[in-house]
Amino acid sequence: EISAICQKKNCSSHVRRAVVTCFSAGCCERHGNRPVRYCKRCHVNHHSSEVGAAAETHLYQTSPPPINTRECGAEELVCTVEAVISLLKEAEIYAEQREFELNRRRQMGLSASHHSLDNIEFDNKEDDQHDQRLLSQFGIWFLVSLCTPNENTPTESLARLVSMVFQWFHSTAYMMDDEVGSLVEKLKPQFVTKWLKTVCEVRFDVMVMCLLPKPVEFARVGGYWDKSCSTVTQLKEGLNRILCLIPYNVISQPLWECFMPEWLEAIRTEVPDNQLKEFREVLSKMFDIELCPLPFSMEEMFGFISCRFSGYPASVQEQALLWLHVLSELDIVVPLQLLIGMFSDGVNSLKELANQRKARASDLSGNTGARRVSVVSDPGRRGQHNTLSPFPSPFRSPFRSPLRCSPFKNLGHATGNCALDLDCDDDDMNLGCFILMFDLILKQMELQDDGVMLGLDSSLGKDIVSIINNVFQAPWGGSHTCQKDEKALECSLCQSSILCYQLGCELLERLTPREEIRLVEPTDCLEDTLIPFQPDFSLGTEKGSEEGENPSEPNNDNPSNHSPENPGPDQFHP
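All figures in this text were calculated on a predicted structure; none of them were measured in a lab.

Peer 1: Sorry if this is basic, but what is going on with the overall build of the protein here?
Peer 2: Secondary structure summary: the protein contains 22 helices and three strands in total. A sequence separation of at least 24 residues applies to 74% of the contacts in the protein between residues at least 6 apart. Surface summary for the protein: the accessible area is close to 30,700 Å², and the carbon and sulfur share equals 50%.

In structure tokens form, the structure reads like this:
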């Protein structure tokens, strides 16, 4: 055992904590030919008093100084950081062995639960295995004793430590439930979560940096960053790493709002459609509205999405809508009331911005140099979201879109890495946002099975009808490119308008009861009034749909359409 106090006889120091181990022959001879431990005072007095050749024979080892002290030079800093990382990586070896056995069992059709592996004996001996797992605890002790973060801690060093700690949480998430596993697990609430909260308080930027899907190069430490794997694997493992932090309340709401938009955007733009389902399990656990694993409310969990509908133009709203599209494609439930609230704010904001632009055009027509100050230009309103990234947001076909291609590719929405103009006067993206809103409401109604039960008289049903009315009153933007003489194809605006009306009609159909009694004009004969009939709820023949009938045109009041023997769709659909 290594002595923790000074081993010099007659030590007179008030602080006897040993900081130096001397291996020189002179010191070892006085201590039974064994290395001797000295406190700081005895080390200075004993080794500094000798001069000449005698002093050169002493070979001693000092304890590494804390990384934020003057005694810690560049070399000591690197050695300390890499020592912690190396010790924490020892837990990865055991995790990889468990994962290998898990995959083997899956291939053989055996039980693949992590609990079924608790009694598996790997190739290593039991003692070696325990020693291997316990090595990571020395890394934790080094971390909390020598690497206390502050404002002056070098960013690169702190980022490497934080990233490795995140990976250690992931590596130890499924440790064997035995004495050693329990010992390692106790380190998390006892030491590590407190250390991470300190990092979050003094260096919030570093915490966010290490939680991004693609951090800076020096923060890519441990786990999948040390292997050659695809982007999809990196994203999936990165989300699993974050999932392992959630039970320990490491992920606060400010952190969540900073890194989660980046993850959804990376999944949306970099994951092929045929691999998107691989993210269903991990995202479903994160966005579980019943268990609420995150240490904040459901409204705050979706806050990074809802904030992009209040006071922002269509370019920002479309990005949030596409994130909701990803979640809905993975069958993740977003409460309808919350969704309706987001979209109501979004439609009202687009109408408000359009009115402001009209007022500006009329009031400032003689002063072209003046610039308005709107709700989206107010830094106080935008808060921490004033650095929204200009992600390219190509429209993806909605769930029910009969159109094979994007109807918005020619409507001029921003692409590339150009700066995001929050005061953009272009309304051409509005219609695309409205279509996505209708489509997402329909998808969430299917997931939550609330369509039949709502009805037009329910509060939520009234809110949905209000959104439909607002959408039809809001500026859609865009311009027609089709000509009267052309009969082949309609322009993109025509196709998008038809789609928007179709989705709006489908929303109303979902809200109204399907077996509603057909109202007829009363007659003198009761038997004639109660003529049995078979209502037709179809929106039209397939041929009529293919010809591209525009629902925006007024219905033709053909009397035949109103006969009881041949009821038409106008009698059953708003």
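What follows continues from the structure just given.
Peer 1: It is not clear to me how helix α6 (residues 155-171) should be interpreted in this structure. Could you clarify?
Peer 2: With 17 residues, α6 should cover 24 Å at 1.5 Å per step; its first-to-last C-alpha distance of 24 Å lies within 8% of that length. Burial within α6 is extensive, with 13 of its 17 residues counted as buried.

Peer 1: Just checking my understanding: could you explain the nonpolar core for this structure?
Peer 2: If you look at soluble globular proteins, the nonpolar side chains tend to sit buried side by side. Of all hydrophobic cores here, the largest spans 117 residues; its most connected members are W256, M260, L283, M286, F287, I305 and F343. Among the elements that make up this core, the one with the highest residue count is helix α17 (residues 430-448) (11 residues). Non-local contacts of F287, meaning those with residues more than four positions away in its chain, are made with W256, M260, M301, F302, F304, L327, I332 and V333. Grouped together as the second largest cluster of nonpolar side chains are eight residues, C11, Y38, C39 and C42 included.

Peer 1: Help me out: how do you make sense of the pairing of strand β1 (residues 18-22) in this one?
Peer 2: Taking burial as the measure, the five residues of β1 include five buried ones, the bulk of the element. For β1 and strand β2 (residues 36-39), the ladder comprises four bridges, and the chain directions are antiparallel. If you follow A18 over to β2, its bridge partner there is C39. Where β1 lies against strand β3 (residues 60-62), three bridges are found, and the strand directions are antiparallel.

Peer 1: Help me out: how do you make sense of the sheet that holds β3 in this one?
Peer 2: Whenever strands of a sheet pair, they do so through backbone hydrogen bonds, lying parallel or antiparallel. Read across the open sheet, the three strands follow the order β2-β1-β3; overall the sheet is antiparallel. Of all strands in the sheet, those with a lone pairing partner are β2 and β3, marking the two edges. Going across the sheet, the axis of each strand differs from the next one's by a mean of 30°, ignoring polarity. Packing against the sheet, helix α2 (residues 40-48) makes contact with β1, β2 and β3, and its axis sits at approximately 105° to β2.

Cut-offs used in this document
- Every residue gets a number counted from 1 within its own chain, in the order that chain's sequence is written.
- Local features in this predicted model are restricted to residues of pLDDT 70 or higher, and side-chain atom pairs are both shown and tallied only at a pLDDT of 80 or more, whereas totals for entire chains, interfaces and linings draw on every residue.
- Excluded from the side-chain calculation are hydrogens and water; included are all heavy atoms of the structure.
- Every helix listed is a DSSP run of H or I at least four residues long, and every strand listed is a run of E at least two residues long, numbered separately from the N terminus.
- The criterion used for residue contact is that any of the two residues' heavy atoms lie within 4.5 Å.
- The Shrake-Rupley method, run with a 1.4 Å probe sphere, supplies the accessible areas, and residue values consider only the shown protein chains as cover.
- Helix span, as expected, comes to 1.5 Å for every residue beyond the first.
- Think of it in three bands: residues with accessible area under 20% of the maximum for their type are buried, residues over 50% are exposed, and the middle band is partly exposed, with areas taken using a 1.4 Å probe on protein chains only.
- Each nonpolar core is a collection of buried residues, namely Ala, Val, Leu, Ile, Met, Phe, Trp, Tyr and Cys, held together in the definition by side-chain atoms within 4.5 Å.
- Two strands qualify as a pair provided DSSP detects at least 2 bridges between them.
- In this description, a line fitted to the C-alpha atoms serves as the axis of each element, helices being fitted only across the stretch in contact, and the angle between N-to-C directions of two axes falls anywhere from 0 to 180 degrees.

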